[in-house]
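The lines below spell out each chain.
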Number of protein chains: 2
Amino acid sequence: MVEHSGLDIMCLNTYCHSSSSSSSSSEHDKKIFTKIKLNLSAACDYPRKNSEILSGQYGTNVLLIGGALMLAIAHHGPSVTEEHLLSFITCLMILQLMWMMWYIWIRDRRSDHRTEKDVHATTCWIRGGLTLLALLSLIMDAFRVGYYVGFNSCVSPVLGVYPVVHATHTVAQVHFLWFHIKDVIKKFETFERFGVMHAVFTNLLLWCSGVMSEAEHFLNNHKRRLYALGYGNLTIVHPEPNCNCSTSTCSMFSNSLYYLYPFNIEYHIFVSAMLYVMWKNIGRVLDLTANRKRSATETHGLILGPILGLVALASTIGVLAVYVTHVEESLQTRQSAVSMFYCYGIVMLAFMCSAGASGLLIYRADRVPSDTSENPSRQLDTELLFGSSVGSWLMSWCSVVAVLGSAATPPYRWTNLVYSLFIILEKCVQNLFIIESLYRHPEDRDDPDLPASPEIFSVTSSLAPPYNGILNRAYEAPDRDCVTMDNEQVESGQVYRSQRKPSKVPLTEGNKLVEGPSIKRRVLKNIAIFLLMCNISLWILPAFGCRPQYDNGLEQEVFGFSIWTTVLNFAVPMNLFYRMHSVASLFEVFRRA
Amino acid sequence: MVEHSGLDIMCLNTYCHSSSSSSSSSEHDKKIFTKIKLNLSAACDYPRKNSEILSGQYGTNVLLIGGALMLAIAHHGPSVTEEHLLSFITCLMILQLMWMMWYIWIRDRRSDHRTEKDVHATTCWIRGGLTLLALLSLIMDAFRVGYYVGFNSCVSPVLGVYPVVHATHTVAQVHFLWFHIKDVIKKFETFERFGVMHAVFTNLLLWCSGVMSEAEHFLNNHKRRLYALGYGNLTIVHPEPNCNCSTSTCSMFSNSLYYLYPFNIEYHIFVSAMLYVMWKNIGRVLDLTANRKRSATETHGLILGPILGLVALASTIGVLAVYVTHVEESLQTRQSAVSMFYCYGIVMLAFMCSAGASGLLIYRADRVPSDTSENPSRQLDTELLFGSSVGSWLMSWCSVVAVLGSAATPPYRWTNLVYSLFIILEKCVQNLFIIESLYRHPEDRDDPDLPASPEIFSVTSSLAPPYNGILNRAYEAPDRDCVTMDNEQVESGQVYRSQRKPSKVPLTEGNKLVEGPSIKRRVLKNIAIFLLMCNISLWILPAFGCRPQYDNGLEQEVFGFSIWTTVLNFAVPMNLFYRMHSVASLFEVFRRA
C-alpha cells in the first residue's frame with residue numbers, strides 16, 4: 001500500500017490539495033489515504049507552528065530584557081549602569097557568533113546537499129551597501145577601543161571587550177549575509193528558527209542601544225545649547241570617566257564616534273530586517289515559477305531625475321551646514337536658521353509630492369495586474385514602510401497641534417504648519433507609490449507569472465525541478481569574488497538563456513519586448529531616482545544634527561519638555577529608518593521600472 | 001469569442017489558476033485568453049490594493065491626531081484642553097454614525113440581493129458580551145450627562161454633547177454588530193473600506209481616551225496616597241470645575257464613573273478588533289468548504305475546571321478587597337498587602353502554568369493536522385495575543401531588573417522576582433496553548449477540511465453554491481429576537497442536517513463520532529474553562545485598582561517616578577486587554593475542544 005510513500009521526504013503541505021483528483025481507487029482506500037495524509041501533515045506541521053511562536057516569544061523577551069536595562073540606565077541611577085547593558089549585549093553577540101559558526105559548519109559538512117535559495121530575499125546592492133555600513137561600524141569599534149585604551153585605568157573592562165566582540169560579530173555577520181542570508185532552511189528547522197530569531201533580536205537590540213546613545217548625546221548637546229542661551233536649569237549628565245586620558249586622542253575618538261553612529265544604527269536595523277526574512281523563509285516551500293531573477297537594469301534615458309536629485313542633495317548639504325552653524329548662535333540667527341529650514345523643506349516636499357503623484361497617475365493610465373505571489377521580503381517591506389511612517393506622522397500632527405494651540409508667534413509659525421502637513425502628505429503619496437510599484441508585475445521579458453503562456457510553461461517545465469527558478473549555488477563556491485556576485489543578475493539571466501535553448505520561442509518573444517524602455521518606464525525610472533536622492537537628503541539632515549523640532553520651541557511650549565523629548569526620541573529614529581528604507585525600496589522600484 | 005465572458009461579474013483572482021488546465025484550444029487563442037484574464041484581474045485588483053493602503057493611512061492619521069491632542073492634554077497646559085479632544089472624537093462618532101446609516105440604507109434598498117457572511121468573523125456569545133459592555137457604557141453616559149447637568153453653568157457644552165452622541169453611537173454600533181459585522185462587502189468596496197477603517201480607528205481612539213482618563217485618575221489617587229503617607233511634593237492635577245454642583249449627586253456620578261471605565265475600555269477595543277476583521281473581509285473570496293459553523297458545545301464532564309476556576313475567582317475577590325483597604329494605611333500594612341498579593345499571584349500562576357502545560361502535552365500526544373485555511377479573524381487573534389503580551393513582559397522584566405538592581409530590601413523583594421518570572425512564563429505557555437488550539441482542526445463531526453472524504457464532498461457539492469457553508473441570512477429577517485440568535489449554532493447545525501438528508505451516509509458517520517467527548521477532550525475543556533476564569537480574575541485585579549507595581553516602590557527606585565509611570569501607563573492597559581482577549585480566545589478554545 002501507500003503507507004510508506006512519503007514519510008521520510010520533506011514536508012509537503014500541498015499534498016492534500018494536489019491529490020484529491022485521483023478518483024480511481026475505492027471509497028475505503030480513499031479514507032485510509034486521507035487518514036495517512038492527515039497524519040503525515042500533522043507530523044510535519046506540528047513542530048513548525050510551535051517553534052514559530054516559541055522562537056518569536058524568545059526573541060521578544062530578549063529584546064525586552066535589553067529594553068528594561070535601557071530604561072533603568074536612562075534614569076541614571078546608581079544600581080544599573082551602561083556596563084550591565086553592554087555585558088548583556090556582548091553575551092548575545094557571542095551566542096550569535098556560536099550559532100553562525102555552527103550553521104556554517106553544518107552547511108559545510110553537507111556540501112553535497114544543495115540548499116534552496118530565495119532570490120527575492122535580498123539583492124546584491126543591498127548587501128554591498130550593508131558591507132559599507134559594516135566597514136564604518138568597524139571604524140567605530142576601533143575608535144571605541146582607542147577610547148578604552150586611553151581611559152583603561154578607570155573604566156570597566158567591559159568597555160574594552162565590547163568593541164572587540166562587536167567587530168568580530170560584524171565581520172562574521174557580513175560573511176553570513178553574503179553567503180547564507182538567502183538560504184531556505186529545511187534541516188533542524190526548530191533549532192535554526194531559534195538561531196535566526198536570536199540573530200534578529202540581537203541586531204534589534206544593538207539598534208536600540210545605538211539609538212539610545214545617539215539620542216542621549218543629542219539631548220545633552222541641546223541642553224548645553226539652551227543653557228548657553230540662558231534658558232535654564234536643565235541637568236546635563238556627563239558620561240565622562242573620572243580620570244585623565246593616558247593618550248592624546250581620547251576626545252578625538254569620542255567626538256568622532258557620534259558622526260559614525262547613524263551608519264552603525266542603519267546597519268543593525270537593516271540586518272535584522274534581512275534576518276527576519278530568512279526566518280520567515282525557514283521551511284517554506286518555494287513557488288518555483290515565481291522565484292526567478294530579473295535581468296540587469298538599463299539606465300537609458302536617465303537625465304532629469306538624477307539632475308534634480310543632485311540639486312536636492314547639494315542644497316541639502318548647504319542647508320545642513322548653514323543650519324548647524326547658525327543654530328548655535330543668538331536667538332535671532334537661530335530663528336532665521338529654522339525659518340530657512342522650513343522653507344527649504346516645503347519646496348523639497350512639494351517636488352517630492354508631485355513626483356510621487358505623477359508616478360501614481362502613470363500607473364493609473366497603465367494598468368498591469370498586481371503580483372499576488374508569496375514573497376515575505378516584499379510583505380515585510382510594505383509593513384515596515386507603513387509602520388515606520390507612524391513616528392513621523394505623530395511628530396507632524398504634534399507640530400500641527402502645537403502651531404494651532406501655541407500662544408507664541410515666532411516667524412516660522414505658519415511655515416512649520418505647512419511643512420508638517422507636507423510631511424504627512426508626502427509620506428502618504430510615497431508609500432502608495434512604492435507599494436504599488438513593488439506589487440506590480442514587472443512588465444519586461446522575465447515576467448514571472450504568466451501561468452497560462454504556453455511557451456514559457458513548456459520551457460520551464462522541461463527543466464529538472466531543482467534548477468527551475470531556484471538558484472542552487474550552495475556553499476560549493478564560496479571563493480568567488482565580489483565582482484562575480486555583483487554581476488549576479490546578469491549571470492542568472494545567462495543561465496536562463498542557455499537553459500532555454502531547447503525552445504527558441506521565448507528568446508525571440510523576449511527580445512521583442514526588451515528592445516527599449518517605453519517613455520512611461522523612463523519617466524518612472526526618473527521619478528524613482530529623484531525620490532531616492534531626496535530621501536537620502538532627508539536622511540542626512542536629522543542624522544547629522546539638523547532637528548528643528550528641538551529648536552523651534554513651539555512644540556516644547558505646548559507639550560512640555562519631557563513629553564516632547566519622549567515623542568522625539570521615539571519618532572526621530574523611526575523617521576531615520578523610514579528614509580533609509582525608502583531609499584532601499586526606491587532603488588528596487590528603479591530596477592523594476 | 002470569450003472577450004465579454006467575465007468583465008461585469010465580480011473579481012475572480014482564482015481565474016488564472018483554475019483555467020490553466022484547458023489545453024484543447026490553439027496557442028493563439030490561449031495567448032489572447034491570457035491577456036484578457038490579465039486585464040480583467042488588473043481592472044479588479046488595482047483599486048483594491050490602493051484603497052487598502054489609503055484607508056489604512058487615513059485611519060492611522062486620524063488616530064495620531066487624537067494621540068497628539070492627548071499628549072498636549074497630558075501636559076496640562078493652557079492651550080489644549082480636554083474639550084478639544086472631546087469635540088474631535090464627537091465629530092468622528094457623528095461621521096461614523098452617518099456611514100453606518102448609509103450602509104444600512106444601501107443594504108436595505110438591495111434587500112433582494114443576498115450578502116455573503118463570514119461565519120468565523122464573530123460568535124454570538126462575543127456579541128452578547130459586547131452588548132452587556134455596551135449597556136454599562138450607556139450607564140456611564142447617563143452619569144456623565146448627570147454630571148454635566150450639575151455643573152452646566154461653568155463647564156463647556158461639549159461635556160454635555162459628548163455623552164449624548166456617545167450613547168447614540170453605542171446603540172447604533174451594537175445594532176451594526178448584531179446584523180452586519182459578518183458581512184463580506186462586495187459593493188462600493190473602496191468607499192466601504194474607508195467607512196470601516198474610520199469606525200475601527202474611532203473606536204481605537206475612544207479606547208485610548210478611556211485609557212488616558214483612567215490612568216490619570218489612578219495616578220492622581222496614587223499621588224494622593226503618597227502625599228498622605230508623607231512622601232512628598234508631587235503636584236496633583238484637579239480636573240474639578242470651579243463652581244458648585246447644582247444637584248446633590250455630582251460627586252456620586254464622578255466617583256461611580258471610574259468603576260465603569262474598565263468596561264467601556266474593553267468594549268471599544270473589542271469592537272475595533274471586530275471591525276478590523278470586517279475590513280479584512282472586504283472583497284474577500286470565501287473558501288466555501290471551510291466557511292462552516294460548528295454545532296453546539298457539549299458541557300458533559302465539566303467538573304474540576306469550573307470548580308477550581310470558581311475558587312480562583314472567589315479568592316481573587318477576597319484578595320482585591322483586602323488589598324484595596326490595606327494599601328491605603330500605614331507602611332507596614334501596605335507592605336503586608338503587597339506581600340500577600342505576590343504570594344497569591346505565585347500560587348495562581350503556578351496552577352495556570354501547569355494547566356497550560358498539560359494542555360500542550362495532551363496536544364503532543366494527540367496529533368491532529370493544523371488548519372491552514374484563510375481566516376482573518378483567527379490571524380488577528382494570534383497577533384493580538386502576541387502583541388498585547390509585550391506590555392506585560394516589559395513590565396515584568398523591569399521588575400526583574402529592579403529586584404536585582406535595587407538597594408532596598410522590602411519583605412516582598414524575592415516574591416516579586418518569582419512572581420514576575422511566573423508572569424512571563426505563564427503568558428508564554430498560555431499563548432502557545434491558545435494559538436495551537438485555534439489552529440487545530442476541530443476533531444468532531446463537522447470537520448471542515450476533509451477534502452478527500454467522498455461522502456461530505458458529494459453532499460456539499462450537491463447544494464447550490466450560495467447555500468454551501470455561507471450563511472445567507474441577509475437583512476431580510478432583522479426582527480428575529482436574541483434567543484433565536486443565541487441558538488444560532490444549533491440552528492445552523494440543523495440546517496446542515498436537513499440539507500444533508502439526500503445522502504444518509506454523513507449523518508450516521510457523524511453520529512458515530514459525536515457520541516461523547518473523549519477523555520482528552522474533556523480534560524481540554526476543563527483546562528480551558530479553568531484558564532478562562534483565572535484570566536477573568538487577573539483582569540479584575542488591575543481593573544479595579546489592585547496594582548502593586550505602583551505600590552511596591554522597588555521599580556520606582558531603580559527607574560524613577562516618571563519613567564516607571566510611563567511604562568505602567570503603556571503596559572497596564574495592554575495587560576488588561578490581553579486578559580480580556582484571552583478570555584474570549586479561551587472560550588473559543590473551550591467550544592472547539
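Residues numbered from 1 in each chain as written. Chains lettered and ligands numbered in written order. Predicted model: local features only at pLDDT ≥ 70, side-chain atom pairs only at ≥ 80, totals over all residues. Heavy atoms only, no water.

- As named in an unreviewed UniProt entry, chain A is Otopetrin 1, taken from Muraenolepis orangiensis.
- Turning to chain A, the UniProt record has this under Subcellular location (unreviewed entry): "Cell membrane". (UniProt positions renumbered as here; feature names shortened; annotations may be inferred.)

## Considering the overall build of chain A
No. 1: Counting secondary structure elements, chain A contains 19 helices and zero strands.
No. 2: Residues classed as buried in chain A amount to 57% of the 593 residues present.
No. 3: Within chain A, contacts between residues at least 6 apart in sequence are counted, and of these 88% link residues at least 24 apart. (Helix = DSSP H or I, 4+ residues; strand = E, 2+ residues; numbered from the N terminus. Buried < 20%, exposed > 50% of the residue type's maximum accessible area, 1.4 Å probe, protein only. Contact = heavy atoms within 4.5 Å.)

## What about the state of the cysteines?
Linking two cysteines covalently through their sulfur atoms gives a disulfide.
No. 1: One pass over the structure, following the stated rule, counts four disulfides over all chains.
No. 2: In this model, B:Cys154 is linked to B:Cys243 through a disulfide, with the two sulfur atoms separated by 1.9 Å. Judged by the torsion about the S-S bond (-60°), the B:Cys154/B:Cys243 disulfide is left-handed. Here B:Cys154, found in the loop between α4 (124–151) and α5 (158–180), pairs with B:Cys243, found in the loop between α6 (189–228) and α7 (250–281); they are 89 residues apart in sequence, far enough to count as distant.
No. 3: With its disulfide-bonded cysteines labelled consecutively along the sequence, chain A is connected as 1-2, 3-4.
No. 4: Not part of a disulfide, A:Cys534 finds its nearest cysteine sulfur in A:Cys353, a span of 11 Å. (Disulfide = S-S within 2.5 Å.)

## Digging into the confidence of the model for chain A
Residue and element names in this part refer to chain A.
No. 1: When the pLDDT values of chain A are averaged, the result is 78; 75% of them are 70 or greater.
No. 2: Note on residues 1–25: pLDDT is under 50 here. Beyond four places in sequence and across chains, it has 19 contacts.
No. 3: Of the two predicted TM-score estimates for the complex, the pTM is 0.78 and the ipTM is 0.77. (pLDDT = per-residue confidence, 0-100.)

## Remarks on the packing of aromatic side chains
No. 1: Taken as a whole, this structure holds 52 aromatic pairs over all chains when the rule is applied.
No. 2: Aromatic pair A:Trp539 and A:Phe544: ring centres 6.1 Å apart, planes at 90°, arrangement edge-to-face.
No. 3: Judged by its relative accessible area of 5%, A:Trp539 is buried.
No. 4: Note on B:Phe143 and B:Phe253: the rings are 5.3 Å apart at their centroids and 40° apart in plane angle, and the pair reads as tilted. With B:Phe143 in helix α4 and B:Phe253 in helix α7, the pair connects residues that are 110 residues apart, well separated along the chain. (Phe/Tyr/Trp six-rings, centres within 6.5 Å; stacked < 30°, edge-to-face > 60°.)

## Looking at unusual backbone geometry
Residue and element names in this part refer to chain B.
No. 1: Positive phi outside glycine occurs at His 76, with the angle close to 60°.
No. 2: Looking at the element boundaries, His 76 is found in the loop between α2 (27–74) and α3 (82–109).
No. 3: The class for His 76 is partly exposed, based on a relative accessible area of 40%.
No. 4: Within the chain, Phe 188 stands out as a residue other than glycine whose phi angle is a positive 50°.
No. 5: Structurally, the position occupied by Phe 188 is in the loop between α5 and α6.

## Overview of the side chain of B:Asp118
No. 1: By the element assignment, B:Asp118 lies in the loop between α3 and α4.
No. 2: Given a relative accessible area of 1%, B:Asp118 falls into the buried group.

## Observations regarding the environment of A:Gly150
Residues and elements named next belong to chain A.
No. 1: Its location among the elements puts Gly 150 in helix α4 (residues 124–151).
No. 2: Its relative accessible area of 1% is what places Gly 150 among the buried residues.
No. 3: Sequence separation between Gly 150 and Thr 249 is 99 residues; the distance between their C-alpha atoms is 7.8 Å.
No. 4: Contact partners of Gly 150, with chain neighbours within four places excluded, come to Asn 244, Cys 245, Ser 246, Thr 247 and Cys 250.

## Regarding helix α7 (residues 250–281) of chain A
No. 1: With 32 residues, α7(A) ought to run about 46 Å at 1.5 Å a step, and its terminal C-alpha atoms sit 45 Å apart, in line with that.
No. 2: Within two residues after α7(A), A:Gly283 carries a phi angle of roughly 75°, on the positive side. (Expected span 1.5 Å × (residues − 1).)

## Observations regarding the environment of A:Ser51
Residue and element names in this part refer to chain A.
No. 1: Tracing the backbone shows Ser 51 in helix α2 (residues 27–74).
No. 2: Owing to a relative accessible area of 3%, Ser 51 belongs among the buried residues under this scheme.
No. 3: Here the alpha-carbon distance between Ser 51 and Leu 586, two residues 535 residues apart in the chain, equals 34 Å.
No. 4: When residues no more than four places from it in sequence are discounted, the contact partners of Ser 51 are Thr 190 and Arg 193.
No. 5: Here Arg 193 takes part through its side chain, which lies 3.2 Å from a polar atom of the side chain of Ser 51. (Polar contact = N/O pair within 3.5 Å; in protein donor to acceptor, adjacent residues only side chain to side chain.)

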